[in-house]
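# Breakdown of the fold
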Amino acid sequence: MVGHLATRLAYYRLANGRWYTFKSIYLSLRNRYQLTTELEGHMADSITPSVGETTASGQPPGAEPRLRMRGISKSFGAVRALSNVDFEVYAGEVVGLVGDNGAGKSTLIKTIAGVGPADEGEIFLEGQPVNIASPQVATRLGIETVYQDLALCDNLDVVANLFLGREKHTPLVPALLSETEMERSTLAVLKTLDVKIPSVRTPVASLSGGQRQSTAVARTILRNPKVVLLDEPTAALGVAQTRQVLNLIRRLREQGLAVVVISHNLADVFEVVDRVIVLRLGRRVGTFDIKTTTPERVVAAITGAEFGEITAANGNGTPGGK
Amino acid sequence: MGDIIDKDQTSSSAQLADQSADSAAVEVATAAAVPRPTIGQLLSTELSFVPVLLTLVVIMIFFAVSTNGVFLEARNLSNLVQQIAVIGVVGLGVILVLLLGEIDLSVASVSTFCAVVMGILTERLGAPGGFAIIAALLTGALVGFINGIFIAVLRVPSFIVTLAASIGYAGLLLYLLGFQSTLIVRDPLIVSIAGSATSFLPDYLGIGLPTLALLLYVGWLIIHRLRRRRAGLRTVPILQLVGQIAIAVVLVEGAVTLFESYNGVPNSTAILFGLIVLLWLVATRTSFGRHIYAVGGNAEAARRAGINVVGIRLVAFTLCSMIAALGGVLAASRGLAVESQINPTLLLQAIAAAVIGGVSLFGGRGTVWAIVLGALIIGSLENGLDLKSQGTDVKQMVEGVVLLAAVTIDALVRRFQARSGR
């Protein structure tokens, strides 16, 4: 019974306002009160400190990552959002970037997207050092970001949204839009991504959440990117739509893109990614090959449970207050 | 680095072209499986003009019956379209701004102000009419540009900026006119636009221009269909295409026949429809038009897509005031004078015509053709109530109700779409 509960991935909110899994609470209690149960043996092999696993596993040895970041640090005033973080994603690979709120996921993504350049550190794109100073630079380098709000124009149709800001024009009269050409390319892109949309001429407002997400991703694909960053692509989606988007992410991998997925939903992460990189308090605390790990271990790395840090962070009350 | 990327893109776009050939075939095959949109969906998108059209028909039937057919006589309908020309033109400018989700409350004031500039140039300073008209239009553009600077660059709400402009230019035109409250316009060119018995297109133009436009439209429809077919895209059923062409032919040639049976096609009507067609092409077939809709739909998304949102707003406000100036020229020509008194209903009627026609006050939704139905409804009410010898009191009450109804429907449709959206 306890074992069953302990492996659940449900999150509980404690008095300090942070979210923990049942397991992490259990672990912190155990650390504090030196509890020993018959679960101990089970725990011991499922949760080992993951710090030692920070080498990229499951990658062809010697391959150059599509995108590599080294020693990234960033501070906001006195707050050190990222300290000495390394990050890499290979072509044809999906990397899940996970971590608790405030772990530095968004900050790291923003340094890649050029929205908030890092204070220190180097970025290499296909082995070449690059300086991503602005979103425009990122776009030019082939790094595309799909933000959580998707940034679609609800009143425009799928074709118009895909080509927004980069419309194609007729060769004869350059002032006029070439709707035929744009629609053709749209259908082609949607087909390569295996996205089904009833009509590419319906306003985006009438599409489902999954179709909207797909539209936003398809738009980035039109620019032939090298790296695609997806911020919470399955948040606020239903079961079927989530499936649709996960399929889409697999398609991106098949296209040979390097894909980075930020997600809070570990179930989704485990379904689609190849590697999980865990950030915690601005540091990279773990890297897991999805084939050889379990959600429990990732959660433990996210919450820092195996170090008993909940107790430290929660010094003023009993952590098991629920 | 740039070279590498460019090469990369061309090679992958070549791939894309290969893929699209396959996808085209698939698309044709699956076309039949696509669910047809429901009536409700159609009503909120392509057929959104139907309720408005029905309203217009009801109004017209009501006045036709209650005036014993006088309302539908060619003479009265010719009058009607001349009466709505100014509302229509000014309303077209307003549509550009409404599509952005902004508003321009200064159009009536600006149009009168620009007409005053024109009148003073010709009547007091003896400038030629053509020069004065161009000066009026440029004045309008300048006024709109200044509005736009405050709205787009300084991000002051357009409501306030244009309200201030409205008051300011009303004062400025009083200052320019000085002691005069009415300045008679005698310049032959200006008068000939809409203010004389000869302000009608000669028959060869009155019949020729609309027919030419019609032929171009039909030709374009057919070429467009062929091109889509060749690209393997879904095409409209041939029956629907024929129906579309038939409706266009009947509407255009019917209107031309009607006008020709009286005095011909009024110049002002030709100007109005020429402007509609021009703006329609700009709004639907150019990047600029597409970007106007994008900014009105989601300004942040447009900005992230690399669209110059500030520039689009600036140009839209400039065009709006410039078109308002054109409306002022028409009004001065038709009234044979410029007056210090700004037409008190023009502002509301221009905005009302746009909104009644289906342009959303919230931005991003509506077409420039909306102005035709909207202005016809407003004009029919005005004209019909005049025929029935009703005073301003009744007219204003009725127009108020109609405007309120239109805005309410707009808000409800928007809510319905938001609910059915996700």
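Because the structure is predicted, anything quoted here is derived from the model rather than measured. (Residues numbered from 1 in each chain as written. Chains lettered and ligands numbered in written order. Predicted model: local features only at pLDDT ≥ 70, side-chain atom pairs only at ≥ 80, totals over all residues. Heavy atoms only, no water.)

### Focus: the overall build of chain A
Looking only at helices and strands, chain A features 12 helices and 12 strands. The buried share among the 322 residues of chain A stands at 55%. Working note: accessible area of chain A is about 13,400 Å², and carbon and sulfur atoms make up 53% of it. (Helix = DSSP H or I, 4+ residues; strand = E, 2+ residues; numbered from the N terminus. Buried < 20%, exposed > 50% of the residue type's maximum accessible area, 1.4 Å probe, protein only. Areas by Shrake-Rupley, 256 points an atom, 1.4 Å probe, with all protein chains shown as cover.)

### Focus on the packing of aromatic side chains
Residues and elements named next belong to chain B. On inspection of all chains with the given rule, the structure shows 5 aromatic pairs over all chains. With a centroid separation of 5.2 Å and 65° between ring planes, the pair formed by phenylalanine 62 and phenylalanine 63 is classed as edge-to-face. Owing to a relative accessible area of 2%, phenylalanine 63 belongs among the buried residues under this scheme. Residues phenylalanine 113 and tyrosine 169 carry aromatic rings whose centres are separated by 5.2 Å and whose planes lie at 35° to one another, so their mutual orientation is tilted. Placement of the pair is phenylalanine 113 in helix H5 (residues 107-124) and tyrosine 169 in helix H7 (residues 158-177), with a sequence separation of 56 residues. For tyrosine 169, a relative accessible area of 15% gives the class buried. Grouped by ring-pair contacts, the aromatic residues Phe62, Phe63 and Phe71 constitute a single cluster. (Phe/Tyr/Trp six-rings, centres within 6.5 Å; stacked < 30°, edge-to-face > 60°.)

### Re the confidence of the model for chain B
Residues and elements named next belong to chain B. Averaged over chain B, the pLDDT score is 86; the fraction of residues at 70 or greater is 87%. Counting contacts from residues 1-33, a segment whose pLDDT is below 50, to residues more than four positions away or on other chains yields 24 contacts. Predicted complex metrics record ipTM = 0.81 and pTM = 0.80. (pLDDT = per-residue confidence, 0-100. Contact = heavy atoms within 4.5 Å.)

### Looking at the domain arrangement of chain B
Residues and elements named next belong to chain B. Taken domain by domain, chain B comprises domain 1 (48-199 + 266-419) and domain 2 (200-263). Taken over C-alpha atoms, the centre of domain 1 sits 26 Å from the centre of domain 2. Each side of the interface is counted separately: domain 1 has 14 residues, and domain 2 has 8 residues. Carbon and sulfur atoms supply 73% of the area buried between domain 1 and domain 2, which totals about 1,000 Å² over both sides. Counting the contacts that link domain 1 with domain 2 gives 1 residue pair in polar contact (both at pLDDT 80 or more). Every element with two or more residues in the side of domain 1 that touches domain 2 is listed here: helix H4 (74-99) and helix H11 (267-285). For the side of domain 1 that touches domain 2, the element with the most residues is H4, which contributes 6 residues. (Domains from an automatic or database assignment. Buried area = accessible area lost by both parts, 1.4 Å probe. Polar contact = N/O pair within 3.5 Å; in protein donor to acceptor, adjacent residues only side chain to side chain.)

### Comments concerning H5(B)
Residue and element names in this part refer to chain B. Taking 1.5 Å per residue as the helical rise, H5 with its 18 residues ought to reach 26 Å, and the 25 Å between its terminal C-alpha atoms agrees with that figure. For H5, the buried fraction is high: 16 of the 18 residues fall into the buried class. Backbone geometry just after H5 places glycine 126 at a positive phi near 70°. (Expected span 1.5 Å × (residues − 1).)

### Here's the deal with the pattern of salt bridges
Applying the stated rule across the entire model yields 25 salt bridges over all chains. The salt bridge partner of Glu179(A) is Arg290(B), with a shortest N-O separation of 2.5 Å. Taken together, the residues Glu179(A) in helix H7 (residues 179-192) and Arg290(B) in helix H12 (residues 287-297) connect one chain to another. Assigned by exposure class, Glu179(A) and Arg290(B) land together as buried. Residues Glu300(B) and Arg303(B) are paired through a salt bridge, measuring 2.9 Å at the closest nitrogen-oxygen approach. Of this pair, Glu300(B) and Arg303(B) are both found in helix H13 (residues 299-304), 3 residues apart, which corresponds to roughly one turn of the helix. (Salt bridge = Lys/Arg side-chain N within 4 Å of Asp/Glu carboxyl O.)

### Considerations on the sheet that holds strand S5 (residues 93-99) of chain A
Residue and element names in this part refer to chain A. The 6 strands lie next to each other as S8-S9-S10-S5-S11-S12, forming an open sheet whose pairing is mixed. Each having just a single partner strand, strand S8 (143-146) and strand S12 (283-289) make up the two edges of the open sheet. Across the sheet, the axes of successive neighbouring strands diverge by a mean angle of 20°, strand direction being ignored. Where S5 and strand S10 (residues 258-262) come together, 5 bridges link them in parallel fashion. When the sheet's bridge partners are listed, leucine 97 is paired in S10 with isoleucine 262. Of the strands in this sheet, S5, S8, strand S9 (227-231), S10 and strand S11 (275-280) touch helix H4 (residues 105-113), which is tilted by about 140° from S5. (Pairing = 2+ DSSP bridges. Axes fitted to C-alpha atoms, helices over the stretch in contact; angles between N-to-C directions.)

### Side note on the interface of chain A and chain B
Listed per partner, the contact involves 39 residues of chain A and 36 residues of chain B. Taken together, the links from chain A to chain B amount to 3 salt bridges. There are 10 residue pairs in polar contact (both at pLDDT 80 or more) connecting chain A and chain B. Where the side of chain A that touches chain B is concerned, the elements lending two or more residues are helix H5 (135-141) and H7 of chain A.

### A short note on the side chain of Thr220(A)
As for its position among the elements, Thr220(A) is in helix H8 (residues 209-221). Looking at Thr220(A), the relative accessible area reads 4%, which means it is buried.

### Details of the side chain of Thr139(B)
Residue and element names in this part refer to chain B. Structurally, threonine 139 is set in helix H6 (residues 129-153). Assessed through its relative accessible area of 18%, threonine 139 is described here as buried. Within the local environment of threonine 139, its side chain forms a polar contact with the backbone oxygen of alanine 135, the two atoms lying 2.6 Å apart. When sequence neighbours within four positions are dropped, the list of residues in contact with threonine 139 reads Phe113, Cys114 and Val117.

### Some thoughts on the confidence of the model for chain A
Residue and element names in this part refer to chain A. Residues with a pLDDT of 70 or more make up 75% of chain A, whose mean pLDDT is 77. When pLDDT is averaged over each helix and strand of chain A, the minimum, 39, is found for helix H3 (residues 40-46) and the maximum, 93, for helix H6 (residues 158-162). Per-residue pLDDT stays below 50 along residues 1-9; that stretch engages in 13 contacts with residues further than four places along the chain or on separate chains. Every residue in residues 32-61 scores below 50 in pLDDT, and together they form 54 contacts with partners more than four places removed in sequence or on other chains.

### Some remarks on the sheet that holds strand S7 (residues 128-130) of chain A
Residue and element names in this part refer to chain A. Pairing in this open sheet of 4 strands is antiparallel, and the strands run S4-S3-S6-S7 from one edge to the other. The strands lining the two open edges of the sheet, one partner per strand, are strand S4 (79-89) and S7. Sheet twist, expressed as the mean angle between neighbouring strand axes with direction ignored, is 30°. Relative to S7, strand S6 (residues 120-125) runs antiparallel, the two being bridged by 3 bridges. Each residue of the ladder has a partner; that of phenylalanine 124, found in S7, is proline 129. Contacts from H4 reach strand S3 (67-76), S4 and S6 within the one sheet, and its direction differs from that of S3 by about 120°.

### Some points on the nonpolar core
Residues and elements named next belong to chain B. Ranked by internal contacts, the top residues of the largest apolar core, which has 105 residues, are Leu92, Met118 and Ile371. With 14 residues, H4 is the single largest residue contributor to this core. Residues in contact with leucine 92, not counting those within four places in the same chain, are Leu272, Leu275, Ile276, Leu279, Ile323, Val368 and Ile371. (Core = buried A, V, L, I, M, F, W, Y, C linked by side-chain atoms within 4.5 Å.)

### Some words on the environment of Thr269(B)
Checked against the element boundaries, Thr269(B) lands in helix H11. A C-alpha to C-alpha distance of 9.4 Å links Thr269(B) and Val86(B), two positions 183 residues apart in sequence.

### Describing unusual backbone geometry
Residues and elements named next belong to chain B. Positive phi values are uncommon outside glycine, yet asparagine 68 reaches one of about 55°. Structurally, the position occupied by asparagine 68 is in the loop between helix H3 (50-66) and H4. With relative accessibility at 72%, the residue asparagine 68 sits in the exposed group. Although it is not a glycine, arginine 155 sits at a positive phi angle of roughly 60°.

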